[in-house]
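Summary of structural features
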Amino acid sequence: MSTTERRRSVDLTAMAAEFRRHPSPWLIGGVFIGALVARVLAGDWQWTDALVPVIALAVFPLVEWVIHVVILHWRPRHVVGMTVDSLLARKHRAHHADPRDVSLIFIPWQTLLWLLPVLVAIAVLAFPRIGLGLTFLLTVSALGMVYEWTHFLIHTDYKPRSATYRSVWRHHRHHHYRNEHYWFTVTTRGTADRLLGTEPDADEVPVSATARNLHAASGQ
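In this report, we go over the structure that sits alongside the text. (Residues numbered from 1 in each chain as written. Predicted model: local features only at pLDDT ≥ 70, side-chain atom pairs only at ≥ 80, totals over all residues. Heavy atoms only, no water.)

Quick word on the pattern of salt bridges
If you walk through the whole model with that rule in mind, you get 7 salt bridges. When the shortest N-O distance is used, the salt bridge between Arg39 and Asp49 registers 3.2 Å. A residue pair is termed long-range when its members are at least 10 positions apart, and Arg39 in helix α3 (residues 23–42) and Asp49 in helix α4 (residues 47–72) qualify at 10 residues. We note that Arg39, like Asp49, is buried. One salt bridge in this structure joins Arg129 and Asp44, with 3.7 Å as the shortest N-O distance. Of this pair, Arg129 sits in the loop between α6 (109–125) and α7 (130–154) while Asp44 sits in the loop between α3 and α4, and the two are 85 residues apart along the sequence. Take Asp44: its relative accessible area is 43%, and that puts it in the partly exposed class. Each of Arg39, Asp44, Asp49 and Arg129 takes part in salt bridges that share partners, so that together they form one network. (Salt bridge = Lys/Arg side-chain N within 4 Å of Asp/Glu carboxyl O. Helix = DSSP H or I, 4+ residues; strand = E, 2+ residues; numbered from the N terminus. Buried < 20%, exposed > 50% of the residue type's maximum accessible area, 1.4 Å probe, protein only.)

Take a look at the structure:
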């Protein structure tokens, strides 16, 4: 079965099978499983462990927004004769050019190869006790899996069945197919975009000519 045929299947089981064909879910999932096992073995559960997922869920939409706006929509710049343009930004421009290309939906594995060790180091070194750090790592990797699955599913032909997912699905597709200057969160709507003024009424926003070719107006 070709990638296009697999992608067009609307069955969640088939979608999960396609999801597993890509390295990002395995890399993030591996960290999640490792963090879960280590957290159980570490013990030392305290009430502050419960705060970590609460705080993470509260700030995650803002993190998504900042990463999307500042890093993914980075406009290439020339500094002392060199072009500053990250892999993430290049991949994201390609993703906008072809939102239906499955290989461009996921966080690049090259990025995860350095990002995941950094998160592990933060968990080990930046918290007052190892148990709390492992709770952080477990929470962040779980959110990473939710992000990858949600973003992947939005860009397949799977149709929303619940009102919540339908709202998130429509929100992100507005970003790709109506105007790339709005609707920056992926896993939620009515959160960071509303707070930061990037969630207008879609009917009042003109269709952008550059949604499929980011920065084209400036010649980038």
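Topic: the environment of Asp44
Taking the C-alpha atoms as reference points, Asp44 and Leu88, 44 residues apart in sequence, are found 38 Å from one another. A polar contact is formed between the side chain of Asp44 and the side chain of Gln46, at a distance of 3.1 Å. (Polar contact = N/O pair within 3.5 Å; in protein donor to acceptor, adjacent residues only side chain to side chain.)

Side note on the nonpolar core
Core analysis: the biggest nonpolar cluster contains 17 residues, and Met15, Phe106, Phe152, Leu153, Ile154, Tyr158 and Tyr165 have the highest contact counts within it. Elements with a contribution of two residues or more to this core: α2 (12–19), α4, α7 and α8 (163–177). Ranked by residue count, the leading element in this core is α7, at 5 residues. Grouped together as the second largest cluster of nonpolar side chains are 12 residues, Val52, Leu112, Ala123 and Phe136 included. (Core = buried A, V, L, I, M, F, W, Y, C linked by side-chain atoms within 4.5 Å.)

Digging into the packing of aromatic side chains
Tallied over the full model, the rule gives 9 aromatic pairs. Measuring from centroid to centroid gives 5.1 Å for Phe127 and Phe136, while their planes differ by 35°, and the two rings are tilted. Residue Phe127 is classed as partly exposed on the basis of its relative accessible area, which comes to 24%. One aromatic cluster in this structure is built from Phe19, Phe106, Trp149 and Phe152. In this structure, Arg39 is placed above the aromatic ring of Trp45, and the distance from its NZ or CZ to the ring centre is 3.7 Å. (Phe/Tyr/Trp six-rings, centres within 6.5 Å; stacked < 30°, edge-to-face > 60°. Lys NZ or Arg CZ within 6 Å of the ring centre and 35° of its normal.)

Observations concerning α8
An α-helical turn contains 3.6 residues, so a residue and the one three or four places further along point in the same direction. An ideal rise of 1.5 Å per residue puts 21 Å on 15 residues; α8 measures up with 20 Å between its terminal C-alpha atoms. Looking at the buried side of α8, the elements it contacts are α4, α5 (87–97), α7 and α9 (192–196). (Expected span 1.5 Å × (residues − 1). Contact = heavy atoms within 4.5 Å.)

Comments concerning the side chain of His171
Among the secondary structure elements, His171 is positioned in helix α8. For His171, the side chain forms a polar contact with the side chain of Asp193, separated by 3.0 Å. Apart from the residues lying within four places of it in its own chain, the contact partners of His171 are Trp183, Phe184, Thr185, Thr188, Arg189, Asp193 and Glu199.

Observations regarding the packing of α4 against α7
The interhelical angle for the contact between α4 and α7, taken along N-to-C directions, is 40°, at an axis separation of 10 Å. Looking at the two axes, α4 sits oblique to α7. In the crossing of α4 with α7, the sense of the turn from one axis to the other is right-handed. Where α4 approaches α7, its residues Thr48, Asp49, Val52, Pro53, Ala56, Leu57, Phe60 and Glu64 are matched on the opposing element by Gly131, Leu132, Thr135, Phe136, Thr139, Leu143 and Tyr147. Within the contact of α4 with α7, the residues separate by chemical class into 9 nonpolar, 4 polar and 2 charged. (Axes fitted to C-alpha atoms, helices over the stretch in contact; angles between N-to-C directions. Parallel < 35°, antiparallel > 145°, perpendicular 65-115°, else oblique. Left-handed = near helix turned anticlockwise from the far one by under 90°. Nonpolar A, V, L, I, M, F, W, Y, C, P; charged D, E, K, R; others polar.)

Focus on the packing of α7 against α8
Where α7 contacts α8, the two axes come as close as 10 Å, and the packing angle between them is 70°. By the angle class used here, α7 and α8 are roughly perpendicular. Where α7 abuts α8, its residues Thr150, His151, Leu153 and Ile154 lie against Tyr165, Val168, Trp169, His172 and Arg173.

A word on unusual backbone geometry
The backbone of Asp44 sits at a positive phi, close to 55°, despite the residue not being glycine. The phi torsion at Val80 lies on the positive side, around 40°, for a residue other than glycine. You can see Val80 is positioned in the loop between β1 (77–79) and β2 (82–84). The class for Val80 is exposed, based on a relative accessible area of 75%.

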